[in-house]
Amino acid sequence: MRLQGVGRRYGPRGRWVLRDVGLDVPPGALLRIEGANGCGKSTLLRLVAGADAPSRGRITGRPRRVAYVPDRFPPALPLTALGYLTRLGRIHGLGRRGAAAAADAWLARFAAEEHAGTPLRELSKGSCQKVAVAQAFLAGPELLVLDEAWTGLDGQARRVLDEAVAERVAAGARVVVVDHAPARPAGAGARVYRVEDGRLCDAPAAGRETLVRAVGPPGAVPPDGLPGAPRWRRDGGGYALTVPAEHSDELLRALLGAQPPWHIEALETRP
Ligand SMILES: Nc1ncnc2c1ncn2[C@@H]1O[C@H](COP(=O)(O)OP(=O)(O)OP(=O)(O)O)[C@@H](O)[C@H]1O
């Protein structure tokens, strides 16, 4: 998928919110978009998702199965959580039974099955966000666009979302994310871009980073809450974890002190 010379302004005389944006989004890419409030991140995500059209330029190669979690969940529809998800599943191309099964499964995965029969308008903000996020995974999207999707979720649901994102990336989907928390999506090794003055640039490196190659006990993933909020990815039989260099000592201590301990294979600090 590719954006070429993409610009967006609201109204024929509006200012250009985005100008000449070029971006390649290959299969398996995980992109994180950063920038100041109002710089155009949500605008860019709507264009990527196909929920909005560019005023200039073109977007080609968007895959067929697209899922989008907007920053604001559609308000009170006269549906229950399960009814809404089942309907969305049908819209995403699933059959009636498949949609109902996927809706059940994703509500359960986000620990929201008790709300299946609750009308959307009666859901708490957090439960509503679980539904908003669950709908995105119903049909195995090939392009997943998440605008502040972690906001409002409890810790457990945030971890489920991190895992679900990592699964989609591993399955070759393209995932594009905006989130105010710099470490999201946790551990997934996103490529970071920044919107500045309407243009999309590579985010400047925040400083020196240390890459730690580590092997845990069989089947283990890096534990939660590691110092420095490392990004991580699978690497051979272990994991490659990246943290700001100033957190590397703490990270090593945490990995070596874990029960059972992790084995450190290599350490590399780069500019
Ligand atoms: N539908 C619209 N009509 C007119 N102007 C809009 C519309 N949507 C967004 N804008 C304007 O476009 C600019 C970029 O908005 P956008 O929501 O994309 O920014 P953002 O980077 O996502 O902001 P935030 O970090 O606050 O969520 C803002 O000046 C906003 O007012």
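As recorded in an unreviewed UniProt entry, the chain goes by ATP-binding cassette domain-containing protein and comes from Streptomyces johnsoniae.

Colleague: Any chance you could explain the sheet that holds strand S8 (residues 191-196) here in plain terms?
Modeller: The strands that make up a sheet are held in pairs by hydrogen bonds between backbone atoms, and each pair lies either parallel or antiparallel. Sheet architecture is open: 6 strands sit in the order S5-S6-S7-S3-S8-S9, paired in mixed fashion. Each having just a single partner strand, strand S5 (66-69) and strand S9 (199-202) make up the two edges of the open sheet. Going from strand to strand, the sheet's axes swing by 20° on average, the running direction of each strand aside. The pairing of S8 with S9 spans 4 bridges and is classified as antiparallel. When the sheet's bridge partners are listed, Arg194 is paired in S9 with Cys201. Contacts from helix H1 (residues 41-49) reach strand S3 (30-34), S5, strand S6 (143-147), strand S7 (174-178), S8 and S9, with the element oriented near 160° to S6. In this fold helix H4 (residues 125-137) packs onto S5 and S6, with an angle of close to 165° to the strand it touches most, S5.

Colleague: It is not clear to me how the nonpolar core should be interpreted in this structure. Could you clarify?
Modeller: Within soluble globular proteins, side chains that are nonpolar tend to cluster in buried spots. Ranked by size, the top nonpolar core spans 40 residues in total, and within it Val131, Phe137, Leu146, Leu161 and Val165 carry the most contacts. Breaking this core down by element, the ones donating at least two residues are S5, helix H2 (81-91), helix H3 (96-109), H4, S6, helix H5 (155-170) and S7. The biggest single contributor to this core is H4, with 7 residues. Discounting chain neighbours no more than four positions away, the residues touching Val165 are Leu30, Phe137, Leu144, Leu146, Trp150, Val175 and Pro185. Ranked by size, the runner-up nonpolar core spans 27 residues in total, among them Leu23, Val145, Val176 and Val195.

Colleague: When you look at the pairing of S7 in this model, what are you seeing that I'm missing?
Modeller: The side chains of a regular strand alternate between the sheet's two faces. Judged by how many residues are buried, S7 sits mostly within the fold: 5 of 5 residues are covered. Both faces of S7 are covered, namely the face carrying Arg174, Val176 and Val178 and the face carrying Val175 and Val177. Sheet topology note: the S3/S7 ladder contains 3 bridges and is parallel. Counterpart to Leu30 in the pairing with S7 is Val175. Alignment of S6 against S7, held across 5 bridges, turns out to be parallel. By the bridge assignment, Leu146 is partnered in S7 with Val177. On the question of chirality, the crossover connecting S6 to the parallel S7 by way of H5 is right-handed.

Colleague: Any chance you could explain the pattern of salt bridges here in plain terms?
Modeller: Side-chain pairs of opposite charge can arise whenever the charged atoms involved come near each other. All chains considered together, the criterion is met by 10 salt bridges. Taken together, the shared-partner salt bridges in this structure form one network comprising Arg109, Glu163 and Glu167.

Colleague: In this structure, what is going on with the packing of H4 against H5? I would like to understand it.
Modeller: The description of two packed helices rests on the angle between their axes and on the distance between the axes. Here H4 crosses H5 at 15°, and the two axes come no closer than 11 Å. With respect to each other, H4 and H5 are oriented roughly parallel. Crossing of H4 over H5 shows left-handed handedness. Judged by residue contacts, Lys130, Val133 and Phe137 of H4 engage Ala157, Leu161, Ala164, Val165 and Arg168 from H5. Residue composition of the contact of H4 with H5, by class: 6 nonpolar, no polar and 2 charged.

Colleague: Would you explain the packing of aromatic side chains in this entry?
Modeller: The relation between two aromatic rings is expressed through the spacing of the ring centres and the mutual angle of the planes. In the structure shown here, the tally under the stated rule is 4 aromatic pairs. With a centroid separation of 5.4 Å and 90° between ring planes, the pair formed by Trp232 and Tyr239 is classed as edge-to-face. The exposure class of Trp232 is partly exposed, given its relative accessible area of 25%. Taking 6.1 Å as the distance between ring centres and 55° as the angle between the ring planes, the aromatic pair formed by Tyr239 and Trp262 counts as tilted. Of this pair, Tyr239 sits in strand S12 (residues 238-244) while Trp262 sits in the loop between helix H6 (248-257) and strand S13 (263-270); the two residues are 23 residues apart in sequence, bridging distant segments of the chain. For Trp262, a relative accessible area of 5% gives the class buried.

Colleague: Looking at this model, I keep getting lost on H5. Mind explaining?
Modeller: For H5, with 16 residues, the first-to-last C-alpha span of 23 Å sits near the 22 Å given by 1.5 Å per residue. Listed as buried for H5 are Ala157, Val160, Leu161, Asp162, Ala164, Val165, Arg168 and Val169. Residues of H5 that are buried in the fold lie against S3, H3, H4, S6 and S7. In the segment just after H5, Gly172 is the residue with positive phi, at about 95°.

What counts and what doesn't
- Residues numbered from 1 in each chain as written.
- Predicted model: local features only at pLDDT ≥ 70, side-chain atom pairs only at ≥ 80, totals over all residues.
- Heavy atoms only, no water.
- Pairing = 2+ DSSP bridges.
- Helix = DSSP H or I, 4+ residues; strand = E, 2+ residues; numbered from the N terminus.
- Axes fitted to C-alpha atoms, helices over the stretch in contact; angles between N-to-C directions.
- Contact = heavy atoms within 4.5 Å.
- Core = buried A, V, L, I, M, F, W, Y, C linked by side-chain atoms within 4.5 Å.
- Buried < 20%, exposed > 50% of the residue type's maximum accessible area, 1.4 Å probe, protein only.
- Right-handed = clockwise from strand over helix to strand, strands pointing away.
- Salt bridge = Lys/Arg side-chain N within 4 Å of Asp/Glu carboxyl O.
- Parallel < 35°, antiparallel > 145°, perpendicular 65-115°, else oblique.
- Left-handed = near helix turned anticlockwise from the far one by under 90°.
- Nonpolar A, V, L, I, M, F, W, Y, C, P; charged D, E, K, R; others polar.
- Phe/Tyr/Trp six-rings, centres within 6.5 Å; stacked < 30°, edge-to-face > 60°.
- Expected span 1.5 Å × (residues − 1).

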